[in-house]
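Each chain, written out:
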Amino acid sequence: MTMSEEQLAKKLIIKPLDDRRVIERLRVIDKYHFPVKYTDKYYEALQLHVYNQLAFFNEALVGSCTCRFERINEGEEPATFRLYVMTIGVLAPYRRLHIGTKLMKAVIDAVGAEQNVKIDHIALHVQVGSKAHDFYQSFGFDVKEEVKDYYTELDVNDALLLTKAIPQPYLKKSATKVSKKEKAEKKDEKKEKDEKKK
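Residues numbered from 1 in each chain as written. Predicted model: local features only at pLDDT ≥ 70, side-chain atom pairs only at ≥ 80, totals over all residues. Heavy atoms only, no water.

## Details of the environment of Ile119
Using the following cut-off: Under the DSSP-based scheme used, a helix requires at least four consecutive residues in state H or I and a strand at least two consecutive residues in state E, with every element numbered from the N terminus. Remark: exposure states derive from per-residue accessible area (1.4 Å probe, protein chains only) relative to the maximum for the residue type, with buried under 20%, exposed over 50%, and partly exposed in between.
Within the secondary structure layout, Ile119 lies in strand β5 (residues 118–127). The buried category is assigned to Ile119, whose relative accessible area is 1%.

## Points about the nonpolar core
Generally speaking, nonpolar side chains in soluble globular proteins are found buried as a group. Definition in use: By nonpolar core we mean a set of buried residues, namely Ala, Val, Leu, Ile, Met, Phe, Trp, Tyr and Cys, connected to one another through side-chain atoms within 4.5 Å. What makes two residues a contact is simply this: any of their non-hydrogen atoms within 4.5 Å.
Core analysis: the biggest nonpolar cluster contains 41 residues, and Leu83, Met104, Ile122, Leu124, Tyr136 and Phe141 have the highest contact counts within it. Of all the secondary-structure elements, those providing two or more residues to this core are α2 (23–33), α3 (40–45), β2 (53–57), β3 (60–71), β4 (80–90), α4 (99–113), β5 and β7 (159–164). By residue number, the principal contributor to this core is α4, which donates seven residues. Leu83 has contacts with Tyr51, Cys67, Arg68, Phe69, Val107, Val111, Ile119, His121, Ile122 and Ala123, leaving out every residue within four places of it along the chain.

## Quick notes on the packing of aromatic side chains
The cut-off we apply is this: In this scheme Phe, Tyr and Trp rings, the latter by its six-membered ring, pair at centre separations within 6.5 Å, and the angle between planes marks the pair as stacked below 30 degrees, edge-to-face above 60, and tilted otherwise.
Throughout the structure, instances matching the rule amount to ten aromatic pairs. On the basis of an interplanar angle of 85° and a centroid distance of 4.8 Å, the ring pair of Tyr42 and Tyr43 is categorised as edge-to-face. When sorted by exposure, Tyr42 lands in the same class as Tyr43, which is buried. Cluster of aromatic residues (ring-pair linked, three or more members): Phe34, Tyr38, Tyr42 and Tyr43.

## Side note on the sheet that holds β3
To keep things clear, this is the line we draw: Pairing between strands is defined by DSSP: at least two bridges between the two strands are required. Fitted lines through C-alpha atoms give the axes, limited to the stretch in contact for helices. The angle between two N-to-C directions lies from 0 to 180 degrees.
Strands sit in the order β1-β2-β3-β4-β5-β7-β6 across an open sheet of seven strands; the sheet is mixed. Strands with a single pairing partner mark the edges of an open sheet, and in this sheet they are β1 (12–16) and β6 (142–147). If you compare each strand with its neighbour and ignore which way they point, the axes differ by 25° on average. Inspection of the sheet shows β2 paired to β3 by five bridges, in the antiparallel sense. Looking across to β3, one finds that Gln53 is bridged to Cys65. Each of β2, β3 and β4 touches α2; the most contacted strand, β3, lies at about 95° to it. Contacts from α4 reach β1, β2, β3, β4, β5 and β7, with the element oriented near 165° to β4.

Here it is, written out as C-alpha cells:
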C-alpha cells in the first residue's frame with residue numbers, strides 16, 4: 001500500500017445511510033453531480049439500510065449510492081427481490097480517488113452478506129454510450145436489454161438495463177423456504193381454481 005493510499009484510507013469513510021438527518025446533505029450534493037433533479041418524494045422514500053451507502057472524505061459528504069428493493073415474484077412465497085441502484089455519484093474533485101468503486105463494492109458485499117432477504121440480482125440503468133457502462137462492466141454487470149426513451153430530460157434518451165447476480169451464501173433457510181402453512185394455502189388456492197374450471 002502506498003503512502004497516498006494509506007492517507008486516503010484514513011480520510012475516507014464508506015458507511016450505510018443510517019441517519020435521516022444526512023438526507024438533506026445528500027440532496028445538496030446530488031444537485032452538483034446528477035443532470036436530473038430528484039423530487040422531495042424521492043428523498044422522503046429513501047430508507048435507512050445497508051444498501052444505501054455514503055462516502056465521507058474528511059467528514060464531508062462527497063458521494064453516495066442509493067438503492068431500493070423491487071419485489072420480482074409478487075404473490076409468491078418466499079419473497080424474492082431485485083436491488084435496483086437508483087443513483088451512484090461522487091463530487092467532481094473526488095472522482096479520481098476510486099470512491100465510486102468503493103461505494104459499489106460496499107453494496108455488492110452487503111448483498112453477498114445478506115442473511116434474511118433473498119436478492120435475485122442487482123439492476124440499474126445507464127445511458128447508451130456513457131463511460132459509466134465500462135465502470136459497471138468492471139463489476140461484472142451484463143446488458144439485459146436496451147430501453148428506448150428511458151430518459152426524458154437528457155440528450156441521449158436510450159438506456160441499457162444492466163444486471164448482476166450475487167451469490168448469497170449466508171442466506172438463512174427461512175428466507176428461501178416456504179412454510180407448511182403457505183404450501184397448504186397454495187394447494188387450497190389451486191384446488192379452488194380447478195373446481196371453478198369444471
